[in-house]
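Residue strings, one per chain:
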Amino acid sequence: MNPIDELRAARPAHLGEVPVDERTRAAELSYAMSQPRQARARRSARRRTRPVWGVSLAGAVAVAAAAVVVTGTGGSTPPAPDVTLPAPTRSTATPSTPSTAAPKVTLSAREVLLAAAENADRQPNRTAAYWHTASVSRTLYKAVHGGYLVWDRSRIEGWTPRATGTDQWSSTQTLDARPATEADEAAWRQAGSPTEIAVEIPAKSDEITLSTSPRPAETGHAPLTDGDKVFWLGRNVTMKDLRGLPSDPGELKAWLLRSYGGHSTESSSDPMSADIWLFTVSAGLITDMPVTPQVRGAAFRMLADLDTVEVIENVTDAEGRQGTAVAIKQKVKKKAPAKKYDGVLENRLIFDQATGRALANESVVVKPGGYQAAFEPGTVWNSTAVLEAGWTDSKP
């Protein structure tokens, strides 16, 4: 059985249909996929509500173990300066400049995030009948025969109603599996150009089969859970909750932390620092939730106040778009169900500097381990590229 089907089979029928942002979904499924199937089935009875459709393969197929990172500290965030970002430059070094040229301005990681917050604040604030999102998720695998790397891709689309008493809609489609690079394509051809590719899942000493052909999209609709719950943000929330979130970064942080219990979003037995928890939840808030521009700006200001995050400029996402990334590192488990951690991932939220809008989420291998044991450091192992996130009056 494909791992995505395993997850769906383990999901109790009584759970509702609350949409979950891609970053949180990936974090939860990371822990789920690192455990034996029986353990996943037992734990699923305690899981918070989630949709039966729209589960990204980026988070569902052989995902990393639960995140445990160094605990960070936060504090009050000063007002963001009135800054317009210059052309992308390295924020970690100050380049030498000839005396005849105008000096280049190099912003710190904090200044970059505060400037992004200012730009996010300036975006128009409007609503419509549905909050519509579309994204393409990719997960990297190593072929069993030939050793080449393969991207497995899926498209996820959702329509969340602004009004209660209306169904929410979703569509999920497995697109295809394709060699990751030209060298990988040459190795794939050398292996006979198979249309069905067996790939490794290192942490489970297992394999699954991917297809180079797309599958039909799976669509569905259902009433809102409890009649009004639309997303998960540390807990199930309503559209009114999301539209009423505080625009002050300190108040937003306090609001979010009311749902933090010292552990991951998936398991109470898996420790997670407040910083990584806040990063996970706020990255989803920034990426694809129908919050006001001012709340999105507050989330950037809150991230700017975390000592454990860094900014990486001149990052190109899987769709070829260039942006800036805010990143945090996490440890991954050696092998399920072991409790030791030997790998390190860097989670990145890539955003457009000019607008503060999210472009993509990525997981990059820093130290191979767990499900990423087959990949070299620096490899983008998993990504979700945001194609659209905005209001529409068009019905699904």
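Below is a short write-up of the structure. (Residues numbered from 1 in each chain as written. Predicted model: local features only at pLDDT ≥ 70, side-chain atom pairs only at ≥ 80, totals over all residues. Heavy atoms only, no water.)

## Quick look at the layout of surface pockets
In this model, the largest pocket occupies a volume close to 220 Å³. Along its surface, the largest pocket is lined by 13 residues, and Pro124, Arg126, Trp131, Arg357 and Trp391 are the ones closest to its centre. Only helix 10 (293-304) and strand 13 (380-392) provide two or more residues apiece to the lining of the largest pocket. With 3 residues, the single largest contributor to the lining of the largest pocket is strand 13. In the lining of the largest pocket, the residues fall into 6 nonpolar, 3 polar and 4 charged. (1 Å grid on protein atoms, 1.4 Å probe; cavity = no way out; pocket = protein on both sides within 12 Å on 5 of 7 lines; lining within 4 Å. Points joined across faces, edges and corners; volume = space filled by probe spheres on them. Helix = DSSP H or I, 4+ residues; strand = E, 2+ residues; numbered from the N terminus. Nonpolar A, V, L, I, M, F, W, Y, C, P; charged D, E, K, R; others polar.)

## Considering the pairing of strand 7 (residues 229-232)
Within a regular strand, side chains alternate between the sheet's two faces. Bridging between strand 7 and strand 8 (residues 236-238) involves 3 bridges; their strand directions are antiparallel. The partner of lysine 229 across the bridge, within strand 8, is threonine 238. A loop of 3 residues connects strand 7 with strand 8, the two strands running antiparallel in sequence, and glycine 234 in this loop sits at a positive phi of about 85°. (Pairing = 2+ DSSP bridges.)

## Quick look at the environment of valine 386
Take valine 386: it is sitting in strand 13. Given a relative accessible area of 8%, valine 386 falls into the buried group. Here the alpha-carbon distance between valine 386 and isoleucine 350, two residues 36 residues apart in the chain, equals 9.9 Å. In contact with valine 386, not counting residues within four places along its chain, are Ala134, Ser135, Thr287, Arg321, Ala358, Leu359 and Ala360. (Buried < 20%, exposed > 50% of the residue type's maximum accessible area, 1.4 Å probe, protein only. Contact = heavy atoms within 4.5 Å.)

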